[in-house]
Amino acid sequence: MTLADLPAVKMERDTTVRRIKGYRTCNNISEQATDTWELNENNDSGEDKKKLELGLCLLEEGIGVGLAAIFLFVLWGLVHLSLQQLVIRTSTDEFNAIRARKHLEHITSVGPRPVGSPENEVLTVNYLLSQIEKIKAESASGPHSISVDIQRPTGSFSIDFLGGFTSYYDKVTNIAVKLEPKQGAKHAMLANCHFDSVANSPGASDDAVSCAVMLEVLQSLSSLSTPLQHAVIFLFNGAEENVLQASHGFITQHPWAKLIRAFINLEAAGVGGKEIVFQTGPENPWLVQAYVHAAKHPFASVVGQEVFQSGIIPSDTDFRIYRDFGNIPGIDLAFIESGFIYHTKYDTPDRILTDSIQRAGDNILAVVKHLALSDKLADSSEYRHGNMVFFDLLGIFVVAYPARMGTIINYMVAVATFIYLGKKYSLSSNAGRRCVRELAYAVGVAIMSWFITLLSVLIVALLVSLMGKTMFWYNHFYVSICLYGSAAAGKMILIHTLAKNLYYGNIPRLQLGELYFDVSMTLWCCALVFLTQQGLCSAYVPMLMVAFPLLIKLLLSQEFKQKGATLKYSVLYLFGLTLPYVHFMFLIWVVFEIFTPILGRSGTEIPPDVVLATLITLGTIFLSSYFLHFIYLVRSTKKVLAVLGAVFAVVLVLVSCGLFFPYSDNPSNPRPKRVFLQHTTRMFHDVHGQVERKDSGVWINGFDYTGMRYITPHIPEINDTIRAKCEDSHPFCGFPWFLPVRFLVRKNWYLPAPEVSPKMPLQFQLVSREETDWGTTKLSFEVTGPCHMSLYLRPHSGTLLSGWSFGDFTPQFGLEGEYFIFYSHGLDAPAWKFWIEVQAPKSEFADGMITVAIASHYFFGEDQKTPQLADLLDRFPVWTFPSYWILHNWRKLSWLFAAE
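Residues numbered from 1 in each chain as written. Predicted model: local features only at pLDDT ≥ 70, side-chain atom pairs only at ≥ 80, totals over all residues. Heavy atoms only, no water.

(A) Structural context of the state of the cysteines. By the definition in use, this model includes two disulfides. With its sulfur 2.2 Å from that of its partner, C193 forms a disulfide with C211. Across the disulfide from C193 to C211, rotation about the S-S bond amounts to roughly 105 degrees, and the bridge is consequently right-handed. Note that C193 is positioned in strand β5 (residues 188–194) and C211 in helix α8 (residues 204–222), a separation of 18 residues in sequence. Between C726 and C733 runs a disulfide, and the two sulfur atoms are separated by 1.9 Å. (Disulfide = S-S within 2.5 Å. Helix = DSSP H or I, 4+ residues; strand = E, 2+ residues; numbered from the N terminus.)

Next comes the structure, spelled out in structure tokens:
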């Protein structure tokens, strides 16, 4: 507006004044403006001047968008800068990362270390023992003694893992080392790592680096000149990848387990970077306080704890075993960066920076030392009183306080917000009701915009999936931000622009800006109250998102009343949002850092674009909450909508053209496609025990949504004509799953191949059959085979599996009433003997009562790969990671248990 426009303003004065008089406002700014305009109704120059001032106090579109963009980019940069600064403070000489790296390189030099392999049971064990004996000899004259025990436990347990899972282990390996004062100790803390790895992966980050760190921590503690108050037990467990077996054997069977009062578990869900504390407890807030007090480079989040323990992430750690079977509180740490190469051949020592080892060693050494000197360790149950709220700020320091104090803080912030809103909207009865109604309508508009935005972006994600271009973002993450983020932001802005122009009409823009700030405050406050009532420590997030905006708004209220949405006001407003937004953006980074790689191994049934688009949309909604009122404070949104629309259209076209390939073999940043290949021979028996069918082939599982779409051009015979169908009459569709994940991976391929003939074939026989006095049939079996086998049971309709030899717990079944038992053993294990007990009225079961199947898995050695499998592997493109092994598989149907 210029001075030349004032005559036109004057001509519209009467109409404008009448409109404003007809709408009583709900905030001081618009009331002041209305009163001023009414007082100056007969004063043209005064009214024109005020009109001009009201026009000038609205933001220019470019300035508003520019400020918001700069604010978000700077905070995103701060988050990434903090993640790159692995060692914030100068490290002491107590922990030697160079020496720890040498341990890491030696452990991984033997290659993959599956349970039962010589690499795991002999070479790695011998190296660890030699280093422990060396440390023991060097510290012999010090105030501590070191005891070493090699444990090879046998046992079983059941957990609700992937739909039902029972584990049986025999003579797996544990190396337990106890460091204690020479006069002895009654209490101990445990530090745990595992030195085994999955097949076909060197397992540097998962979990050799943790064992290397523990060796160096042992070296440092043993050289102390003053004795520790309590013992420290270092457990190098050799069977974690077999679903937590060795830790169960230690905590339930080893005599030292009775001494343990707390533990630290070192794990990985990625390769390198910072190790994050992602779960603690249960309860025992003193453990978090110990970490906060002692850790030199803290990195922790209670949000991660509550997300992980919710079961959303399909994974688990030894933390669960010590918590559930040992009733011991602890701290769980894990590397989470570069999850794309977790459990692949790329998990090598060179990808773990020395600074990563240094920071992990500094933290673990400091925390272990602190706990070993703590009086609280002696009777940790005395300090078991609720949870802790904890979170770090850019890795510089950790904020931690008891959850009960957090509840008080949360409700205080909520009450302050309600007082703020109540004071603002407590006008006379009619005006007050009208103002509250307008706030409610505005909340409805905001929620409607969320719903429409999410629905629109999901439609785009489904369209991309239907076009066969899903997972384009796997190797080009920021392209997904450009596509789904621009769609979400554009839709949000469009909806509120339409509301501003069509629904609100001539209501002053400043008043609408105030109204929608209150909307954001109200919605975050509702989230705060809800999460607090649910007892979630994560409620601190909405607390931050309420407290700081409320404070900055109160401080800037006079500035806004007098001058409106000026540049100064906007800059100060954004500055006040810095702390909650930088932390919130860090949480967003954690979500994408964890979930984006997981979507590359989440199976064939979940459309990953839908999941990622949902996460991006939710992130956009949350981040836009306190920018929402900017839409009402700017003069126009045409340019920003045009830019967002153009970005969306261009990226959608490029994605549709297949420009962004999902995978990469870039050595510095690989994004491999995971494929499992298992050369197997299957035998199916009829009810009389005769082989009714036998086949052999390479069973192929693609562990992401694209299936074999990108593989077929390279290996034409792997196509949809060899898709394997589920045979419902057999357990687990007739396929020898290594883990019970068939509900995630339903698209399989079965390429015919010659019969498998391993040098140590599976032998499976019924040893005895006994009719019990209580009307059941007890069947005993004996199995010989490799170190890994899977047993599958499916009771027929009307049959009850009433008992078995896999522990005194109730048999745990999964989907469709099927039972999955996973078996593994270390060296020199005897034949696997087990029994099951079946209850059913046999006269009604001419076709038998239960179906039994067993499969053997050859993960290492000369039986791991056949010539046909080797030829097929050579043809896979370089951007894949084919994990392979041989299966010798027998299918025994229920002929042994049919009615006679």
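(B) Representation of the sheet that holds β5 in the model. Strand order across the open sheet formed by seven strands is β1-β4-β6-β5-β7-β9-β8, with mixed pairing between neighbours. With partners counted over all chains shown, the strands left at the sheet margins are β1 (144–151) and β8 (275–281), one partner each. Averaged over neighbouring strand pairs, the angle between their axes works out to 15 degrees when direction is ignored. Note: β5 against strand β7 (residues 260–268), five bridges, orientation parallel. The residue of β7 that forms the bridge with N192 is N265. Along the sheet, helix α7 (residues 118–138) contacts β1, β4 (174–181) and β6 (231–237); its crossing angle with β1, the most-contacted strand, is approximately 165 degrees. (Pairing = 2+ DSSP bridges. Axes fitted to C-alpha atoms, helices over the stretch in contact; angles between N-to-C directions. Contact = heavy atoms within 4.5 Å.)

(C) Here's a closer look at the packing of helix α6 (residues 97–109) against helix α13 (residues 354–372). Between α6 and α13, whose axes approach to 9 Å, the crossing angle comes to 110 degrees. Classified by the angle between their axes, α6 and α13 sit roughly perpendicular to one another. Here A97, I98, A100, R101 and L104 of α6 lie close against α13, whose contacting residues are T354, I357 and Q358. A breakdown of the residues in the contact of α6 with α13 according to their chemical character gives five nonpolar, two polar and one charged. (Parallel < 35°, antiparallel > 145°, perpendicular 65-115°, else oblique. Nonpolar A, V, L, I, M, F, W, Y, C, P; charged D, E, K, R; others polar.)

(D) Representation of the pattern of salt bridges. Counting across every chain of the model gives 22 salt bridges. Linking R359 and E275 is a salt bridge whose minimum nitrogen-to-oxygen distance equals 3.1 Å. With R359 in helix α13 and E275 in strand β8, the pair connects residues that are 84 residues apart, well separated along the chain. Given the relative accessible area of 0%, R359 is considered buried. The shortest N-O distance in the salt bridge between E862 and K759 comes to 3.8 Å. With E862 in the loop between β22 (850–858) and α25 (867–874) and K759 in the loop between β15 (748–752) and β16 (763–771), this pair connects stretches of sequence that are 103 residues apart. The residues E862 and K759 share a single accessibility class, namely exposed. (Salt bridge = Lys/Arg side-chain N within 4 Å of Asp/Glu carboxyl O. Buried < 20%, exposed > 50% of the residue type's maximum accessible area, 1.4 Å probe, protein only.)

(E) Region of interest: the layout of surface pockets. The computed volume of the second largest pocket comes to approximately 1200 Å³. Lining the second largest pocket are 36 residues, and of these A69, L72, G485, A489 and T620 lie nearest its centre. For the lining of the second largest pocket, the elements supplying multiple residues, two or more each, are α5 (61–84), α16 (477–503), α21 (578–598), α22 (608–624), α23 (630–633) and α24 (638–656). Top contributing element to the lining of the second largest pocket by residue count: α16, with nine residues. (1 Å grid on protein atoms, 1.4 Å probe; cavity = no way out; pocket = protein on both sides within 12 Å on 5 of 7 lines; lining within 4 Å. Points joined across faces, edges and corners; volume = space filled by probe spheres on them.)

(F) Focus on the packing of aromatic side chains. Scanning the model with the defined rule gives 58 aromatic pairs in all. With 5.8 Å between their ring centres and 90 degrees between their planes, F584 and F622 make a pair best called edge-to-face. Remark: F622 occurs in helix α22 and F584 occurs in helix α21; sequence separation between them is 38 residues. A residue is classified by how much of its surface remains accessible, and F584, at 8% relative accessible area, is buried. (Phe/Tyr/Trp six-rings, centres within 6.5 Å; stacked < 30°, edge-to-face > 60°.)

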